[in-house]
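# Geometric and topological summary
Here's the letter readout for the chains.
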Amino acid sequence: MPRWIAHLLVAMVFAAAVAVAFSRVDYDWNWPAVWGYRRKFLQGWLVTVAVSLSALVVSGLVGSVAALMLRSGNSLVEAAARVYVELIRGTPLLVQLLIGFYVVATAVGLENRYVAGVLLLSLFSGAYMAEIFRGGLDAIPRAQIDSGRAIGLTPWQSLRLVVLPQAVRLVLPAVAGQLVSLVKDSSLLSVIAISELTLNAQEVNAFTYSTLESYLPLAAGYLMLTLPLSALARWLEHRFRYEIA
Amino acid sequence: MNLVVTDLVQRFPAPAGGGRTAGSVTVLDRLSLATGEIGTLVLVGPSGGGKSTLLRILAGLDMPAAGDVAFDGEPLPRDEEGLRCYRRTVGTVFQAYNLFPHLTAMENLLLPLVHVHGLTEAGARARVQAPLERFRLAEHAHKRPAELSGGQKQRIAILRALVVQPRRLFLDEPTSALDPEMRAEVLEMIAELRAEGRQFVLVTHEMAFARRVADEIAFVADGRVTCGGSTEAFFGRPADPRVRAFLATTLVP
Ligand SMILES: Nc1ncnc2c1ncn2[C@@H]1O[C@H](COP(=O)(O)OP(=O)(O)OP(=O)(O)O)[C@@H](O)[C@H]1O
Ligand SMILES: [Mg+2]
């Protein structure tokens with residue numbers, strides 16, 4: 001059985017189960033009221049796409065720098081990176097966003113909430129990325145580094161030609177998972193009034209009192225981003241598969 | 001080549017509990033060694049004696065804690081920058097994992113030529129073609145290391161060290177991770193290269209092979225060279241009782 005048919009079958013069984021569950025709730029569906037707000041959903045979705053893509057790039061940079069700091073060999077630099085990673089991973093994103101925006105961003109005079117939101121989300125996701133990247137770099141056997149030195153590579157060449165190509169392949173699944181989380185975590189940006197998909201769905205719900213009709217499209221909107229991301233990751237993983245080939 | 005090593009000391013941090021270190025262990029303990037004008041030096045000795053540690057210093061991979069090393073009267077550099085330049089003039093092959101697994105055999109061969117020695121891709125390809133054919137590896141050039149046998153991997157690794165035209169090769173037990181059938185093909189390649197005048201410093205536990213290729217032998221134990229000199233003398237009438245005991249356990253009668 002081809003993979004896509006299997007996926008389709010499972011999805012249909014799941015949909016049927018959900019449909020049964022919904023049919024048992026006594027609920028007055030009012031799709032037309034929500035349909036009137038379709039442009040609002042679209043605008044929110046586009047903001048989510050833009051914010052997620054920006055944070056995706058910036059968190060990759062933040063994560064790379066922090067990962068290199070974590071294994072720099074300088075204890076002060078390592079301690080700084082370690083504190084950053086543990087603080088971020090140990091506290092709720094909600095708190096980071098509220099303090100980061102209303103206290104820190106205000107203090108440094110950063111008024112654009114979209115820029116602040118992307119930066120805060122990137123700092124959050126970057127901490128997880130840093131640990132993933134560090135794990136990937138640490139997993140490269142010492143013999144590989146030695147071989148690179150033996151042929152006369154500089155440390156930078158060794159990183160670029162030997163370590164990174166192998167580490168990328170190792171961390172790809174974990175990074176993909178982290179990016180999917182990042183897209184969903186962007187929904188919390190609603191708390192600092194960034195007009196992304198979740199905030200718009202909440203507003204539609206408030207206008208129409210149609211909770212399910214507002215939040216089901218919300219879920220669909222995120223899936224439209226996360227599913228292609230997962231598919232892309234699987235494709236890349238396949239392309240970089242060299243050991244088993 | 002002529003190698004003179006004087007009072008070489010190497011220390012490593014001694015592991016203590018909980019990932020901390022407690023002082024250091026001395027692995028090379030004022031090791032000294034002087035060869036004549038020779039082509040191949042073979043390091044032998046008991047496990048943990050310090051052969052690999054010594055070879056890594058000779059190959060410019062590690063810096064000693066103290067002491068001097070000079071090849072042909074030229075002392076080894078004492079800074080990482082200088083050592084990197086030195087490493088570009090020699091070749092080193094380890095027991096295993098020499099090749100980069102994400103690159104094909106050909107790409108492995110091209111990498112140092114293009115990125116370290118400044119050849120064009122075409123120039124590098126031209127350079128490696130004849131050696132690949134000579135050692136019957138051309139048909140495997142497109143394969144990744146995972147698709148090569150252990151012996152093929154080691155022979156490609158030796159070729160990669162060779163095609164940059166190094167002054168000499170350092171080999172650390174190049175066959176000890178291999179099945180017996182594959183050992184022969186790698187040892188044969190080394191013997192062939194040595195016969196055409198290539199210089200080697202090599203560590204091996206294959207005593208019959210050591211006897212065949214070595215001009216001089218150095219017996220490394222407890223961080224010192226306790227016995228060294230010509231191959232005939234070493235195998236013929238070793239003065240050192242430890243060497244006699246070592247040979248008794250390793251030499252096939
Ligand atoms: N990086 C290191 N850190 C700590 N100790 C080390 C390190 N490298 C080697 N040693 C120790 O130094 C001693 C000598 O090791 P070395 O690898 O040079 O021995 P060897 O003669 O090559 O042995 P073998 O025949 O088993 O390869 C050993 O006791 C080893 O545990
Ligand atoms: Mg060794």
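Just so you know, these numbers come straight off a predicted model, no measurement behind them. (Residues numbered from 1 in each chain as written. Chains lettered and ligands numbered in written order. Predicted model: local features only at pLDDT ≥ 70, side-chain atom pairs only at ≥ 80, totals over all residues. Heavy atoms only, no water.)

All names here are of chain B. Lining the immediate surroundings of ligand 1 are Phe12, Val27, Pro46, Ser47, Gly48, Gly49, Gly50, Lys51, Ser52, Thr53, Glu173 and His205. Side-chain polar atom of Ser52 to an oxygen atom of ligand 1: 2.7 Å apart, as the coordinates give it. In the environment of ligand 1, an oxygen atom lies 2.5 Å from a nitrogen or oxygen atom belonging to the side chain of Thr53. Surface burial for ligand 1 is 60%, taken as the share of its 630 Å² of free accessible area covered by protein chains. If you tally residues by element for the shell around ligand 1, the top one is helix H1 (residues 51-58), at three residues. Looking at the shell around ligand 1 residue by residue, the class counts come to three nonpolar, seven polar and two charged. (Near = heavy atom within 4 Å. Polar contact = N/O pair within 3.5 Å; in protein donor to acceptor, adjacent residues only side chain to side chain. Areas by Shrake-Rupley, 256 points an atom, 1.4 Å probe, with all protein chains shown as cover. Helix = DSSP H or I, 4+ residues; strand = E, 2+ residues; numbered from the N terminus. Nonpolar A, V, L, I, M, F, W, Y, C, P; charged D, E, K, R; others polar.)

All names here are of chain B. Looking at where Asn108 falls in the secondary structure, it is placed in helix H3 (residues 105-115). Within polar-contact distance, the side chain of Asn108 engages the backbone oxygen of Leu103 at 3.2 Å. Separated by 2.9 Å, the side chains of Asn108 and Arg160 make a polar contact. In this structure, Asn108 is in contact with Leu99, Phe100, Leu103, Pro145 and Arg160, ignoring residues within four places of it in sequence. (Contact = heavy atoms within 4.5 Å.)

Okay, the pairing of strand E4 (residues 66-71) of chain B next. Residues and elements named next belong to chain B. Strand direction decides the pairing type here: strand E1 (residues 3-15) and E4, joined by five bridges, are antiparallel. Of the residues in E4, the one forming a bridge with Leu3 is Phe71. Bridge count for E4 against strand E5 (residues 74-75) is two bridges, and the pairing is antiparallel. Within E5, the residue paired with Ala70 across the bridge is Pro75. (Pairing = 2+ DSSP bridges.)

The next point concerns helix H5 (residues 150-162) of chain B. Residue and element names in this part refer to chain B. Helix length check: H5 (13 residues) gives 18 Å between terminal C-alpha atoms against 18 Å at 1.5 Å per residue, within 8%. Of all 13 residues making up H5, 11 are buried, and the element is well covered by its neighbours. Every buried residue belonging to H5 is among Gly151, Gln152, Gln154, Arg155, Ile156, Ala157, Ile158, Leu159, Arg160, Ala161 and Leu162, and all of these are buried. (Expected span 1.5 Å × (residues − 1). Buried < 20%, exposed > 50% of the residue type's maximum accessible area, 1.4 Å probe, protein only.)

Residue and element names in this part refer to chain B. A rise of 1.5 Å per residue sets the reference length of helix H6 (residues 180-195), with its 16 residues, at 22 Å; its end C-alpha atoms lie 23 Å apart and thus fit the reference within 8%. Those residues of H6 that sit buried are Met182, Val186, Leu187, Met189, Ile190, Ala191 and Leu193. Those residues of H6 that are buried lie in contact with helix H4 (121-134), H5, strand E7 (169-172), strand E8 (200-203) and helix H7 (207-213). Phi for Gly197, located one or two positions after H6, is positive at around 100°.

This next bit is on the packing of aromatic side chains. By the definition in use, this model includes 10 aromatic pairs over all chains. Plain terms: the ring middles of A:Phe22 and A:Trp29 are 5.6 Å apart, the flat faces sit at 55° to each other, and that makes the pair tilted. Clustering of aromatic rings is evident, with ring pairs tying together A:Phe22, A:Tyr27, A:Trp29 and A:Trp31. Stacked on the ring of A:Tyr128, the Lys or Arg A:Arg89 has its end atom at 6.0 Å from the ring centre. The residue whose ring lies beneath B:Arg168 is B:Phe71, and the NZ or CZ to ring-centre distance is 4.1 Å. (Phe/Tyr/Trp six-rings, centres within 6.5 Å; stacked < 30°, edge-to-face > 60°. Lys NZ or Arg CZ within 6 Å of the ring centre and 35° of its normal.)

For the rest of this paragraph, the subject is the pattern of salt bridges. Applying the stated criterion across every chain, the model contains 26 salt bridges over all chains. The shortest N-O distance in the salt bridge between B:Glu80 and A:Arg149 comes to 3.4 Å. Here the residue B:Glu80 occupies a position in helix H2 (residues 80-87), and A:Arg149 occupies one in helix H7 (residues 142-150), the pair thus bridging two chains. By relative accessible area, which is 32% here, B:Glu80 ends up partly exposed. Close ionic contact of B:Glu185 with B:Arg155 constitutes a salt bridge, the shortest N to O distance being 3.2 Å. Separated by 30 residues along the polypeptide, B:Glu185 in helix H6 and B:Arg155 in helix H5 bring together distant segments of the chain. Residue B:Glu185 is classed as partly exposed on the basis of its relative accessible area, which comes to 29%. You can call B:Arg155 buried: its relative accessible area is 8%. What you see here is one network of salt bridges that share partners, running through A:Arg71, A:Arg82, A:Glu86, A:Arg89, A:Glu131, A:Arg134 and A:Asp138. (Salt bridge = Lys/Arg side-chain N within 4 Å of Asp/Glu carboxyl O.)

Another point: the side chain of A:Ser158. All names here are of chain A. One can find Ser158 in helix H8 (residues 155-185). The exposure class of Ser158 is buried, given its relative accessible area of 8%. Discounting residues that sit within four places of it in the chain, Ser158 has contacts with Leu153 and Val163.

Attention shifts here to the confidence of the model for chain A. Averaged over all residues, the pLDDT of chain A equals 92, while 98% of them reach at least 70. By mean pLDDT, the top-scoring element of chain A is helix H4 (residues 75-90) of chain A (96), and the lowest-scoring one is helix H2 (residues 31-35) of chain A (89). (pLDDT = per-residue confidence, 0-100.)

What follows is about the pairing of E7(B). Residue and element names in this part refer to chain B. Along E7, one buried face is formed by Leu169 and Leu171 and the opposite face, lined by Phe170 and Asp172, is buried too. As defined by bridge partners, strand E6 (residues 91-93) adjoins E7 across three bridges and the pair is classed as parallel. Pairing of Val93 across the sheet is with Leu171, part of E7. Sheet analysis places E7 next to E8, joined by four bridges and oriented parallel. Across the sheet, residue Leu169 finds its bridge partner in E8, namely Phe200. Crossover E7 to E8 through H6 is right-handed. (Right-handed = clockwise from strand over helix to strand, strands pointing away.)

What follows concerns the confidence of the model for chain B. With 96% of its residues at a pLDDT of 70 or more, chain B has an overall mean of 93. Prediction confidence for the complex, expressed as pTM and ipTM, is 0.83 and 0.91 respectively.

The subject of this paragraph is the environment of B:Arg88. Looking at the secondary structure, you find B:Arg88 in the loop between H2 and E6. Classification of B:Arg88 as partly exposed rests on a relative accessible area of 25%. Taking the C-alpha atoms as reference points, B:Arg88 and B:Thr250, 162 residues apart in sequence, are found 35 Å from one another. Apart from the residues lying within four places of it in its own chain, the contact partners of B:Arg88 are A:Ile151, A:Gly152, A:Thr154, A:Gln157, B:Val116 and B:His117.

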